[in-house]
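Architecture at a glance
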Amino acid sequence: MKSIVASFLFLFFIVGACRYPRPTPVNYTNIYIQIDSVKKMLRNGDVILRNGNDEVSQAARSFNRIDTSYSHCGLVLIENDTHYVYHALGGSYNPSQKLMRQIVDSFSNPVHNVALGVYRYKLDTVQLQTLRTIIHQYYQQGLRFDLFFNLETDDEMYCAEFVFKSLNQAMHNSLTPYLKKDSEPFGITLDDLFLHPNCQLVTRVSYKY
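Summary of the structure given here. Starting from 1, residues in each chain are numbered consecutively following that chain's sequence as written. Per-residue local features are limited, in this predicted model, to residues with pLDDT of at least 70; the limit for side-chain atom pairs, both in listing and counting, is 80 or more; totals at the level of whole chains, interfaces and linings are taken over all residues. Side-chain figures throughout are based on the complete set of non-hydrogen atoms in the structure, without hydrogens or water.

1. Concerning unusual backbone geometry
Look at D81: it is not a glycine, yet its phi comes out positive at around 65°. Each helix corresponds to a stretch of at least 4 residues labelled H or I by DSSP, and each strand to a stretch of at least 2 residues labelled E; elements are numbered beginning at the N terminus. Its location among the elements puts D81 in the loop between β2 (72–79) and β3 (82–87). Backbone geometry places H172, a non-glycine residue, at a positive phi of 55°. Checked against the element boundaries, H172 lands in the loop between α6 (159–170) and α7 (190–194).

Shown next, in the form of structure tokens:
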């Protein structure tokens, strides 16, 4: 009797294993090679965007007007030969709700993201230095994430708002005319940033798992 039960359990295990195969482990080495290739192209002031693979990211993409390729964005600063991304993020990913400073590898984490994009506005030397100062001031102040996405306030900001307002100040408010105040969604969206006529594509990468 025991041998019959043992045989049945063994058969059940084999059938189950065949029916529900273990997921193939992901080799992230190739993806980080892709990320490293992107890092070599980065310059100060670049707008960097990612596309997350969770439900929050899916919701964020739905707020874009035209191009839903990305769900989050930040600004690049190179400090002591290290590429950092400053970005406004809320929720469980950032319990403090304060402006984040992450290395590009963490910002681009392939466990939680499937794509990466880099875009560039034409900034002169003075504008770049002004932008660096603005970003550092926001970071030192502990700028908090804006849960209500209210473009009219400056003490809290969402991701696209932080990028837009930082660039706009550095560029002497030349981006202000492009604010959308007469159509939904009101304010600034991710694709408003990278589809702007003065913004050019540097690179777009879809992770190859």
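2. Here's the deal with the packing of helix α5 (residues 125–141) against α6
Each pair of packed helices can be summarised by the angle the axes make with each other and by the distance between the axes. In this analysis an axis means a line fitted to C-alpha atoms, helices contributing only their contacting stretch, and an angle means the value between N-to-C directions, from 0 to 180 degrees. At a minimum axis distance of 8 Å, the contact between α5 and α6 shows a crossing angle of 135°. Classified by the angle their axes make, α5 and α6 are oblique. Crossing handedness for the pair α5 and α6: right-handed. Taken together, the residues of α6 that come into contact with α5 (itself represented by Q127, T130, L131, I134, I135 and Y138) are F162, S166, L167, Q169 and A170. In what follows, roughly perpendicular refers to angles from 65 to 115 degrees, roughly parallel to angles under 35, roughly antiparallel to angles over 145, and oblique to any angle outside these ranges. Left-handed describes a crossing whose near helix is turned anticlockwise from the far helix through less than a right angle; right-handed describes the clockwise counterpart. Note on definitions: a residue-residue contact is assigned when non-hydrogen atoms from the two residues lie within 4.5 Å.

3. Quick word on the packing of aromatic side chains
Each Phe, Tyr or Trp ring, with Trp reduced to its six-membered ring, pairs with another whose centre is within 6.5 Å; inter-plane angles below 30 degrees give stacked pairs, above 60 give edge-to-face pairs, and intermediate values give tilted ones. Evaluation of the coordinates by the stated rule reveals seven aromatic pairs. The rings of Y70, Y119 and F194 are connected pair by pair, giving a single aromatic cluster. Whether a charge sits over a ring depends on NZ of Lys or CZ of Arg being within 6 Å of the ring centre and within 35 degrees of the ring normal. We note R50 situated over the ring of F107; from NZ or CZ to the ring centre the distance is 4.6 Å. Lying across the ring of Y84, R101 places its NZ or CZ 3.6 Å from the centre.

4. Describing the pairing of β3
Most of β3 sits out of view: five of its six residues are buried. One requirement defines pairing of two strands: DSSP has to find at least two bridges between them. With four bridges connecting them, β3 and strand β4 (residues 100–103) associate as antiparallel partners. The partner of Y86 across the bridge, within β4, is R101. The buried label goes to any residue with under 20% of its type's maximum accessible area, the exposed label to any with over 50%, and the partly exposed label to all in between, with areas taken from a 1.4 Å probe on protein chains only.

Don't take any of this as a statement about function, it's just geometry.
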